[in-house]
Amino acid sequence: MEFRDMEFIPMLFGGDINTYSVARAFYEEYKVKSYVFGKFATGPSYGSRITVYTANQKIDTDEVFLETVEKFCKEHKDKKVLTIGCGDSYVALISKHKNELPENAVAPYIDFELMNSLQQKELFYKLCEKHGIDYPGTLVYRDGDTLPEKLPFIFPVILKPSNGINYWEHEFPTQEKVYTISDRAELIKVINDIYGAGYEDSLIIQDMIPGNDEFMRVLTSYSDHEGKVRMMCLGHVLLEEHTPHGKGNHAVIITEPQEELMKKVKNLLEDLHYIGFSNFDIKYDSRDGKYKFFEINTRQGRSNFYVTGSGLNVARYFVEEYIYGRSLPFTMAKREHLWLVVPKPVAKKYVKDPENKKKLKKLLKEGRFVNPVFMKGDLKLHRTLRMLKQHVSHYKKYKQYYN
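A brief look at the structure comes next.

The rules behind these values
- Residues numbered from 1 in each chain as written.
- Predicted model: local features only at pLDDT ≥ 70, side-chain atom pairs only at ≥ 80, totals over all residues.
- Heavy atoms only, no water.
- Helix = DSSP H or I, 4+ residues; strand = E, 2+ residues; numbered from the N terminus.
- Rg over C-alpha atoms; globule rule 2.2 N^0.38 Å.
- Buried < 20%, exposed > 50% of the residue type's maximum accessible area, 1.4 Å probe, protein only.
- Contact = heavy atoms within 4.5 Å.
- Areas by Shrake-Rupley, 256 points an atom, 1.4 Å probe, with all protein chains shown as cover.
- Lys, Arg positive; Asp, Glu negative; His and termini not counted.
- Charge placed at Lys NZ, Arg CZ, Asp CG, Glu CD.
- Pairing = 2+ DSSP bridges.
- Axes fitted to C-alpha atoms, helices over the stretch in contact; angles between N-to-C directions.
- Salt bridge = Lys/Arg side-chain N within 4 Å of Asp/Glu carboxyl O.
- Phe/Tyr/Trp six-rings, centres within 6.5 Å; stacked < 30°, edge-to-face > 60°.
- Lys NZ or Arg CZ within 6 Å of the ring centre and 35° of its normal.
- Core = buried A, V, L, I, M, F, W, Y, C linked by side-chain atoms within 4.5 Å.
- Polar contact = N/O pair within 3.5 Å; in protein donor to acceptor, adjacent residues only side chain to side chain.

Once that is clear, we can look at the overall build of the protein chain. Along the protein chain, the regular secondary structure elements total 13 helices and 17 strands. Compactness check: the protein chain gives a C-alpha radius of gyration of 21 Å against a globular reference of 22 Å for 403 residues, within 12% of the reference. Counting only C-alpha atoms and orienting by the principal axes, one finds that the protein chain spans roughly 65 × 50 × 40 Å. Classification of the 403 residues of the protein chain by burial places 56% in the buried group. A separation threshold of at least 6 residues defines the contact pool for the protein chain, and within that pool the share at least 24 residues apart is 70%. In the form shown here, the protein chain has an accessible surface area of approximately 18,000 Å², with 50% of it arising from carbon and sulfur atoms. Treating the 59 positive side-chain charges of the protein chain as one cloud and the 55 negative ones as another, the clouds have centres 8 Å apart.

Below you can see the structure in the form of structure tokens.
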């Protein structure tokens, strides 16, 4: 593989597909190798030719994170070091300490106070109201509250933590990313399980919007250092993962622009003077024909390569602005492209809507698709075998969990 010596180095934090997708974007655009720092010696970035991976189980702690960045920047003092978080906790660390980082470190993030407030879902919903952005019927529950005898919406309902970072710091056996709750007794039990494990923030109880995975959308945006939105890419999710810890993770996406919806979000972001990548989970509600927003992620999502695959390379936005000082024009992704991280037969089987299935098969046939994990040239034997094992495991996972 070809590599170039550039005036910058990507320093990525995290261990999942998010880091590899960003590293691949950097390689495809600039032929640079990314340095990835995660907790465990596993995942798509570990053993890759386009990354140098370092595992440290304490990398997500303040002290170890700062020591790691300071040491790395000192070793590469002749270059700009793009410090990029590929998970909520890492983004929070960079934002929290950005004024303490070495001079050659570049941290393209909003201030920690704003970031911390946006990552709490109940505060995000208040912003949605201000900008005319719809969201599901919501009840905020805090530890010790009395649960109303009658909820403002019928069962089944959705239950999820308002503060995802704090939630995953307190593990317990039945922990799930998002819960679908069938009755009041189950709701009380799960609430007790969550707070019993040590979770400290509020919970979100929501109206369950009808419809399967194919009613979901994902929106990714990039805002420059002046708070101006420079890029937006909307994806139509055709399939999600269904394992307890992976529930809600995207598995199949097709780019699908909707200008009216995207302009509302653009106004919200620019009103906030937001900086960097943002990512929104959305679901179409067939009952009233509205798109309901669930949350904002203050980073590029784990499925960010759907953006790069659509022609808007995510690495380019970091580099053009923060390394070369160039402002890119505002662009909405319009090229139809397929992103998937499951085997093609799994996608064909579990995507149900006839029109969506037809579109999926057409893009596969025309070769307009990408699985970000499998990159030509980056096929070292040990890594490839691990990735193939994980890839084929989706046959069993969907058979067991999809319903």
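Now that the structure has been shown, the text picks up again.
Now for the side chain of His394. Its place among the elements puts His394 in helix H13 (residues 381–401). With near-sequence residues (within four places) excluded, His394 lies in contact with Val341, Val342, Pro343 and Val346.

A separate point is the sheet that holds strand S6 (residues 138–141). Reading across from one edge, S6-S9-S7-S8 is the order of the four strands in this open sheet, with antiparallel pairing throughout. One side of each edge strand has no neighbouring strand; the edge strands of this open sheet are S6 and strand S8 (179–181). For this sheet the average axis-to-axis angle between neighbouring strands, irrespective of direction, equals 25°. Most of the contacts of helix H5 (residues 121–130) go to strand S9 (residues 203–207), to which it runs at about 50°, and overall it touches S6, strand S7 (157–161) and S9. Lying on the sheet, helix H7 (residues 184–196) is in contact with S6, S7, S8 and S9; it crosses S8 at an angle near 150°.

In the structure shown here, the tally under the stated rule is 27 salt bridges. Between Arg24 and Glu28 there is a salt bridge, and its shortest N-O distance comes to 2.8 Å. Of this pair, Arg24 and Glu28 both sit in helix H1 (residues 17–30), four residues apart, which is roughly one turn of that helix. Note on Glu28: relative accessible area 35%, which makes it partly exposed.

Enumeration over the complete set of coordinates arrives at 27 aromatic pairs. When the ring of Tyr167 is compared with that of Trp168, the centres are 5.1 Å apart and the planes differ by 70°; the resulting orientation is edge-to-face. Through pairs of rings, three or more aromatic residues link up here, namely Phe13, Tyr35, Phe37, Phe65, Phe72 and Tyr90. Cation over ring: Lys33 sits above Phe3, and NZ or CZ is 4.6 Å from the ring centre. In this structure, Lys266 packs its charged tip against the face of Phe330, placed 5.2 Å from the ring centre.

Quick look at the nonpolar core now. Counting residues in each nonpolar core, the largest one holds 110 residues, and the members touching the most others are Phe26, Leu239 and Val252. Residues contacting Val252, with those up to four places away along its chain left out, are His236, Val237, Leu238, Leu239, Leu338, Trp339, Leu340, Val342, Ala347 and Leu360. Core analysis: the next-biggest nonpolar cluster, separate from the first, contains 19 residues, Leu147, Leu151, Val157 and Ile181 among them.

This brings us to helix H10 (residues 314–322). Because the α-helix completes a turn every 3.6 residues, residues three or four places apart line up on one side. The buried fraction of H10 amounts to seven of the nine residues, a majority that puts the element mostly inside the structure. Taken together, the buried positions of H10 are occupied by Val314, Ala315, Tyr317, Phe318, Val319, Glu320 and Glu321. Regarding H10, its N-cap is Asn313, as a side-chain oxygen of that residue lies 2.9 Å from the backbone nitrogen of Ala315 further along.

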